[in-house]
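This is what each chain is made of:
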Amino acid sequence: MSSEKVVVVTDSEFDSTVLQSERLVVLDFWAEWCQPCKMLAPTIEEIAGEYEDKVKIGKLNVDDNPNTATKYGIRGIPTLLFFKGGKVVQQVTGVKSKAEIKKIIDEELA
């Protein structure tokens, strides 16, 4: 379900992959059974390809990694958290268009 451009993030690797990243990180909280998550997946793949040199795009399965999802209060999926310098700077829940997601990324990169 993920390409080489999208990093699979787990509870155990979360700190090193996301919080200690030098780049902006967009983390997609999702689950295998979630239809809206499946609808968002191709958009995440496309964005990962377009921003591969500037932004780290990751996916975290909430069923396999409940600690991180609980820590960030994820109640609905899909939820995208945007991390900059180890802190959440933006959050969106639900299926968003590629343009909406890119707008947030571009604002955070500016």
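First things first, this report covers the structure right here in the doc. From a predicted model like this one, the values you see are computed outputs, not experimental measurements.

### Focus: the overall build of the protein chain
Thinking step 1. Of regular secondary structure, the protein chain possesses four helices and five strands.
Thinking step 2. For the protein chain, the sequential pattern of α-helices and β-strands runs β-α-β-α-β-α-β-β-α.
Thinking step 3. Against the 2.2 N^0.38 benchmark of 13 Å for 110 residues, the protein chain shows a C-alpha radius of gyration of 12 Å, consistent with a compact globule.
Thinking step 4. Its C-alpha atoms put the protein chain at 35 × 30 × 25 Å along the principal axes.
Thinking step 5. In the protein chain, which comprises 110 residues, the share counted as buried stands at 43%.
Thinking step 6. Long-range pairs, those at least 24 residues apart, make up 72% of the contacts in the protein chain with a sequence separation of at least 6.
Thinking step 7. Working note: accessible area of the protein chain is about 5,700 Å², and carbon and sulfur atoms make up 49% of it.
Thinking step 8. Side-chain charges in the protein chain split into 14 positive and 18 negative, and the spacing between the mean points of these groups amounts to 4 Å.

### Here's the deal with the nonpolar core
Thinking step 1. Formed by 17 residues in total, the largest nonpolar core has its most connected members in Val18, Leu27, Phe29, Val62, Ile77 and Phe83.
Thinking step 2. No other element matches strand 2 (residues 24-30), which puts four residues into this core.
Thinking step 3. The residues touching Ile77, leaving out its near neighbours within four places in the chain, are Phe29, Trp30, Ala31, Trp33, Cys34, Cys37 and Val62.
Thinking step 4. Val26, Ile57, Leu80 and Ile105 belong to the second largest nonpolar core, which has 16 residues in total.

Criteria and cut-off values
- Residues numbered from 1 in each chain as written.
- Predicted model: local features only at pLDDT ≥ 70, side-chain atom pairs only at ≥ 80, totals over all residues.
- Heavy atoms only, no water.
- Helix = DSSP H or I, 4+ residues; strand = E, 2+ residues; numbered from the N terminus.
- Rg over C-alpha atoms; globule rule 2.2 N^0.38 Å.
- Buried < 20%, exposed > 50% of the residue type's maximum accessible area, 1.4 Å probe, protein only.
- Contact = heavy atoms within 4.5 Å.
- Areas by Shrake-Rupley, 256 points an atom, 1.4 Å probe, with all protein chains shown as cover.
- Lys, Arg positive; Asp, Glu negative; His and termini not counted.
- Charge placed at Lys NZ, Arg CZ, Asp CG, Glu CD.
- Core = buried A, V, L, I, M, F, W, Y, C linked by side-chain atoms within 4.5 Å.

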